[in-house]
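Here is what each chain is made of, one letter per residue.
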Amino acid sequence: MTESIKLWGFGDNDRSGKVRWIAAELGLTVDDQRVQFGAHRTQPYTDSNPFAHIPTVEFRGRTLIESTAICHTLAEAFDEPKLWIAPREPRRDEYLFWLALFGETLEARLVECAVSRIGLLGPEYFALHEKGLRFKLRAAAARLPAEGYLCGERFTVADVLAGYNLLLALRSELVDRSAVEPYFGRLIAREGARTSRLFAAV
């Protein structure tokens, strides 16, 4: 029997898209629960997610919050396909680097820039982060693999984070598409990426 998750998100293009992508790669069905913007700051949503963040997930009787942690928790629940690199496995250090770069260093600021670009935050947010993000994105793009994925031939959670971050960077015009190819093209060509609907407009 196929397992499922219940996923609360605004739509296809917010951080819930990362979770939807991981679920597709794992063969999980997704029960989407749409949240109206603003309702995430009030009960009953904050009963499950007191930080008022999107997304929230229910999986195997547990409530999970914070999108990167959700992605890793779902991935670690399965060894086939194995989308994570365990301690003492080869390339673990690279895996942790990419998780930190995309999940910590870049993502929050890229989200603010993307939201600023569509007018939900003021233009000062984009102006504050633009220079630093352009610099860091150039450095990240220079390290993207010409073949395979971030940690070799195995597709991992790190690639999902990379795909989401690069999508935000492209939409905010902080990096040129040519700078992240052919890696980005390999990501969005995956069946899981297409199923996630995250890249529908790319």
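The preceding data block contains the structure.
This report concerns the structure included in the present document. (Residues numbered from 1 in each chain as written. Predicted model: local features only at pLDDT ≥ 70, side-chain atom pairs only at ≥ 80, totals over all residues. Heavy atoms only, no water.)

### Concerning the pairing of strand 1 (residues 4–9)
To keep it simple, the criterion reads: Note on pairing: two strands pair once DSSP finds at least 2 bridges between them. For the purposes of this entry, the term helix denotes a DSSP run of H or I that reaches at least four residues, the term strand denotes a run of E that reaches at least two, and both are numbered from the N terminus. Looking down the strands as they point away from the viewer, one classifies a crossover as right-handed if the path from the first strand across the helix to the second runs clockwise.
When strand 1 meets strand 2 (residues 29–34), the two strands line up parallel, connected through six bridges. Looking at the pairing, Ile 5 lines up with Val 30 of strand 2. For the segment spanning strand 1, helix 1 (residues 16–26) and strand 2, crossover handedness is right-handed. Where strand 1 and strand 3 (residues 56–59) come together, three bridges link them in antiparallel fashion. In the sheet register, Leu 7 faces strand 3, and the bridge partner there is Val 57.

### Here's the deal with the sheet that holds strand 2
Definition in use: In this analysis an axis means a line fitted to C-alpha atoms, helices contributing only their contacting stretch, and an angle means the value between N-to-C directions, from 0 to 180 degrees. Pairs of residues are marked as contacts when any of their non-hydrogen atoms sit within 4.5 Å.
The mixed open sheet is built from four strands, whose spatial order is 2-1-3-4. With partners counted over all chains shown, the strands left at the sheet margins are strand 2 and strand 4 (62–65), one partner each. Shown here is a sheet whose adjacent strand axes are inclined to one another by a mean of 25 degrees, direction ignored. Docked against the sheet, helix 1 engages strand 1, strand 2 and strand 3, running at close to 165 degrees with respect to strand 1. The strands touched by helix 3 (residues 67–76) within the sheet are strand 1, strand 3 and strand 4, with strand 4 carrying the most contacts at an inclination of about 130 degrees.

### Examining the packing of aromatic side chains
The test is simple: What counts as a ring pair is set by centres within 6.5 Å for rings of Phe, Tyr and Trp (its six-membered ring), and what kind of pair is set by the plane angle: stacked under 30 degrees, edge-to-face over 60, tilted for all other angles. The buried label applies to any residue whose accessible area, calculated with a 1.4 Å probe on protein chains only, is under 20% of its type's maximum; exposed applies above 50%, and partly exposed to all values in between. Lysine and arginine charges are scored as sitting over a ring when NZ or CZ, respectively, is within 6 Å of the ring centre and within 35 degrees of the ring normal.
As enumerated under the stated definition, the model contains eight aromatic pairs in all. Pairing Phe 59 with Phe 78 gives two aromatic rings, centres 6.4 Å apart and planes at 45 degrees, and the pair type is tilted. Taken together, the positions of Phe 59 in strand 3 and Phe 78 in the loop between helix 3 and helix 4 (92–117) put the pair 19 residues apart, joining distant regions of the chain. For Phe 59, a relative accessible area of 4% translates into the label buried. Of the aromatic side chains, those joined through ring pairs into one cluster are Trp 21, Tyr 149, Phe 155, Phe 184 and Phe 199. Here the guanidinium or amino end of Arg 117 rests over the ring plane of Phe 126, the centre of that ring lying 4.3 Å away.

### With respect to the layout of surface pockets
Condition: Site definitions follow a grid-based scheme: protein atoms alone, a 1 Å grid, a 1.4 Å probe that fits but cannot get out for cavities, and for pockets an open set with protein on both sides within 12 Å along at least five of seven lines, plus lining residues having an atom within 4 Å of a point. Grid points are joined across faces, edges and corners, and a volume is the space filled by probe spheres set on the points. Only Asp, Glu, Lys and Arg are considered charged, only Ala, Val, Leu, Ile, Met, Phe, Trp, Tyr, Cys and Pro nonpolar, and every remaining residue, Gly among them, polar.
The computed volume of the largest pocket comes to approximately 920 Å³. Together, 32 residues line the largest pocket, and Phe 10, Asp 14, Arg 15, Val 111 and Val 115 are the ones closest to its centre. At the level of elements, helix 3, helix 4 and helix 6 (157–171) are the ones that each hand at least two residues to the lining of the largest pocket. The element that contributes the greatest number of residues to the lining of the largest pocket is helix 4, accounting for eight residues. Class assignment of the residues belonging to the lining of the largest pocket gives a composition of 14 nonpolar, eight polar and ten charged.

### Examining the environment of Arg 117
Test applied: Two N or O atoms count as a polar contact when they lie within 3.5 Å, although within protein this holds only if one can serve as hydrogen donor and the other as acceptor, and sequence-adjacent residues are included solely when both atoms are side-chain atoms.
Within the secondary structure, Arg 117 sits in helix 4. Each C-alpha atom of the pair Arg 117 and Ser 172 lies 6.7 Å from the other, and the pair is 55 residues apart in sequence. Residues in contact with Arg 117, not counting those within four places in the same chain, are Phe 126, Arg 171, Ser 172 and Glu 173. At 3.3 Å, the side chain of Arg 117 forms a polar contact with the backbone oxygen of Ser 172.

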